[in-house]
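Examining the three-dimensional arrangement
This is what each chain is made of:
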Amino acid sequence: MQIADLLKKVYNGEVVLPDFQRSFIWEPEDIRELIVSVLGGYFIGSMLILEDVSSESPFALRLIEGVKEVNQNATIKSLVKIILDGQQRTTALFYALYEPNIPLKNRKNPYRFYINIEKALKSEWDDAVIAVNLQDRKRLKEVENDENIIPCRFLREEYLGGLVSKFNKDPNLLNQVISLYNRFRNYQVHMVELARGTPPDVIVETFERINRTGEPLSTFELLTAKLYKHGIKLRDLLDDSRKKYRSLGYVHPEYILKIIALIRGKEPKRKELLNLSAENFEQDWWRACSALELAFNRTTDIKNGYGVLEFKKWMPYETMIIPLAALIDYLKTEKLETHENYHKIDRWYWTSVFATRYDQAADTTSYQDYKKVKEWIMSGQEPDFIGKFDVASVDLEVNKQSSAIYRGVVGLIVLRGALDFKTGQPPQYEKERVQDDHIFPKSIFKYDGIANRTLISTNIQKGNKRPSQYFMQILTEHGQSKTEEILESHLIPRAALNDLLKDNITTFIEKRKTAIMEEVKRRTS
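An account of the accompanying structure is given in this report.

Observations regarding the sheet that holds strand 1 (residues 15-18)
Reading across from one edge, 3-1-4-2-8 is the order of the five strands in this open sheet, with mixed pairing throughout. A single partner strand is all that each edge strand has here, and the edge strands are strand 3 (61-62) and strand 8 (191-194). Examined bridge by bridge, strand 1 and strand 4 (residues 79-85) share two bridges and lie parallel to one another. The residue of strand 4 that forms the bridge with Val16 is Ile82. Seen against the sheet, helix 4 (residues 87-98) touches strand 1, strand 2 (47-53), strand 3 and strand 4 and runs at an angle of roughly 115° to strand 4.

Shown next as structure tokens:
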């Protein structure tokens, strides 16, 4: 589609946006560079549009920003082209040529855009396009009075006569200016057009395929637009929920939709989320939010929960909070809250972490686990993956903090107390200082597995000291009984103190691994 046709349709309300699209966020330089690209004939990317009848659109629709400011009679036409990808570029071009009096992002005043004809005719595109803040009256006066400079609005059809009048004294120059005018207006924007009735999940898939480097089209945003037609304002629900529930500051809002899908018996995949019914939606939304908060509190409980000291940093799998929330909701809704049933959920959690079951296909695993654990609660039939879990299969050689096993072990350490070697204080008192560090310095002993790591707050005093030096100081300060108590709070058995004092890393690692394995077995049995 030619830019001239695109902008005319925008002005007339024939090209519109789905309500889920974000507001226009481009800054002056972004708009300027887009005009440079069009004048220079550079590719500005593809746009994705959906042709539809406005009254039958799967989304609530709105005019592009700035249209109402320059065309008060504008309304959304019956037959429309809905821009799914290309909003920022389309709005930027409309802003430059139609000059609505609205400020740009991070600016208090509107901007105007100009073209230096002399530079443009020399193909000095980058220098040819000028952006001016309307508050900068001095600069504005300079460009308005320069005979070689025209405002971008002159590229609109209704200004062609003014453009001719400005340059008609020099026929040769006028021909070049008209050629430039046509060059801009006739620029072909590559459009990927989807037919009327295209399913929402196909729209999302198409968007992601043509826009690998762009920001993904959010399932949450698509559903926002779909539910709007049923009087459900999803953004308002989210804003209200964030004021009430702390957990929503740590997870993507799509997690709430996935919890709703699970409690409705649906697999939490994109296609199912996009087809969530509006019936009882708000009720289920608040139910899911409440369950999510309980799940979040359970994971971050460092005494009776799962020992996640900081959710973003230490949660083994963030996605596990989805089935966890749904299972907690199930117990509460069906009045099945017993110690035995919560213990089953705990076993599911720790087994899934140490069997690395959520490394891939998290949505499918969530759905299967939710069904299997529910069945376990109701009939007593233990899921195979729990009954057959082998503690000996847990890889304690992991050394990356991103590993679920690594984070799971850290969670177990936190639940045991993780008292600081130097101060004897638990980690929650100084979260900002807590870090996982080597017990036997890696620079000396060359071993990096989780069995040689733990949480401490006073690394600056430990440094690269050998254990024989550092723990002798600890022993002198605290005495043997307190020192052994501190070590046990890190899943380091009392018998391993002698290995620390002798710098015997081999036997220390054997004993530490055994202690960790025993704790994993206790949690999964």
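The discussion continues.
What about the sheet that holds strand 5 (residues 111-116)?
Pairing within the open sheet is antiparallel, and its three strands lie in the order 6-5-7. Two strands bound the open sheet, and with one partner strand each, they are strand 6 (129-133) and strand 7 (149-151). The mean angle between the axes of side-by-side strands here comes to 35°, regardless of whether they run parallel or antiparallel. Pairing analysis gives three bridges linking strand 5 to strand 7, with the strands arranged antiparallel. By the bridge assignment for strand 7, Tyr114 is matched with Pro151.

Focus on the pattern of salt bridges
Pairing is possible between side chains of opposite charge, provided their charged atoms come close. Across all of its chains, the model carries 37 salt bridges by this definition. For the salt bridge of Glu118 with Lys122, the shortest nitrogen-to-oxygen distance reads 3.7 Å. When its relative accessible area of 53% is taken as the criterion, Lys122 is described as exposed. The network of salt bridges with shared partners includes Arg416, Glu519, Arg522 and Arg523.

A look at helix 18 (residues 339-354)
Counted at 1.5 Å a residue, the expected span for helix 18 with its 16 residues is 22 Å, and the 23 Å between its end C-alpha atoms agrees. Burial analysis of helix 18 places 13 of its 16 residues in the buried class, the great majority of the element. Phi turns positive one or two residues past the end of helix 18, at Thr356, with a value near 50°.

A closer look at the packing of aromatic side chains
The final tally for this structure, using the stated rule, is 22 aromatic pairs. Both rings, one in Tyr11 and one in Tyr98, keep their centres 5.3 Å apart while their planes meet at 25°; by these two values the pair is stacked. Taken together, the positions of Tyr11 in helix 1 (residues 3-12) and Tyr98 in helix 4 put the pair 87 residues apart, joining distant regions of the chain. By relative accessible area, Tyr11 is classed as partly exposed at 26%. Here the aromatic rings of Tyr470 and Phe471 are separated by 5.3 Å at their centres, their planes lie at 85°, and the arrangement is edge-to-face. Neither Tyr470 nor Phe471 differs from the other in exposure class; each is buried. We note Arg156 situated over the ring of Tyr98; from NZ or CZ to the ring centre the distance is 4.1 Å. When the ring centre of Phe385 is taken as origin, the NZ or CZ atom of Arg357, which lies over that ring, is 3.6 Å away.

Focus: the pairing of strand 6
With four of its five residues buried, strand 6 lies for the most part within the structure. The sheet contact formed by strand 5 and strand 6 spans five bridges and is antiparallel. Residue pairing for strand 6: Ile115 is matched across the bridge by Val129.

What to know about the nonpolar core
The biggest cluster of nonpolar side chains holds 83 residues, and the ones touching the most others in it are Ile256, Phe281, Trp285, Trp348, Tyr349 and Phe354. Listed in part, the 67 residues of the second largest apolar core include Leu6, Ala74, Ile83 and Ala92.

Quick notes on the layout of surface pockets
The computed volume of the second largest pocket comes to approximately 230 Å³. Along the walls of the second largest pocket sit 15 residues, with Ala4, Lys8, Tyr98, Glu157 and Glu158 positioned nearest its centre. The set of elements that each furnish at least two residues to the lining of the second largest pocket consists of helix 1, helix 4 and helix 9 (171-185). At seven residues, helix 1 tops the list of elements feeding residues into the lining of the second largest pocket. Its residues assigned to classes, the lining of the second largest pocket comprises eight nonpolar, one polar and six charged.

Looking at empty space enclosed by the protein
Taken as a whole, this structure holds one cavity of 30 Å³ or more when the rule is applied. Estimated volume of the largest cavity: approximately 30 Å³. What lines the largest cavity is Ala418, Asp420, Gln425, Pro426, Pro427, Val434, Leu455, Ile456 and Ser457. For the lining of the largest cavity, the per-class residue count stands at six nonpolar, two polar and one charged.

Observations regarding the environment of Leu134
Inspection of the secondary structure puts Leu134 in the loop between strand 6 and helix 7 (137-145). The exposure class of Leu134 is partly exposed, given its relative accessible area of 26%. Along the sequence, Leu134 and Pro110 sit 24 residues apart, while their C-alpha atoms lie 5.9 Å from each other. Leave out the neighbours within four places in its chain, and Leu134 touches Asn101, Pro110, Arg112 and Leu140.

The rules behind each value
- Residues numbered from 1 in each chain as written.
- Predicted model: local features only at pLDDT ≥ 70, side-chain atom pairs only at ≥ 80, totals over all residues.
- Heavy atoms only, no water.
- Pairing = 2+ DSSP bridges.
- Helix = DSSP H or I, 4+ residues; strand = E, 2+ residues; numbered from the N terminus.
- Contact = heavy atoms within 4.5 Å.
- Axes fitted to C-alpha atoms, helices over the stretch in contact; angles between N-to-C directions.
- Salt bridge = Lys/Arg side-chain N within 4 Å of Asp/Glu carboxyl O.
- Buried < 20%, exposed > 50% of the residue type's maximum accessible area, 1.4 Å probe, protein only.
- Expected span 1.5 Å × (residues − 1).
- Phe/Tyr/Trp six-rings, centres within 6.5 Å; stacked < 30°, edge-to-face > 60°.
- Lys NZ or Arg CZ within 6 Å of the ring centre and 35° of its normal.
- Core = buried A, V, L, I, M, F, W, Y, C linked by side-chain atoms within 4.5 Å.
- 1 Å grid on protein atoms, 1.4 Å probe; cavity = no way out; pocket = protein on both sides within 12 Å on 5 of 7 lines; lining within 4 Å.
- Points joined across faces, edges and corners; volume = space filled by probe spheres on them.
- Nonpolar A, V, L, I, M, F, W, Y, C, P; charged D, E, K, R; others polar.

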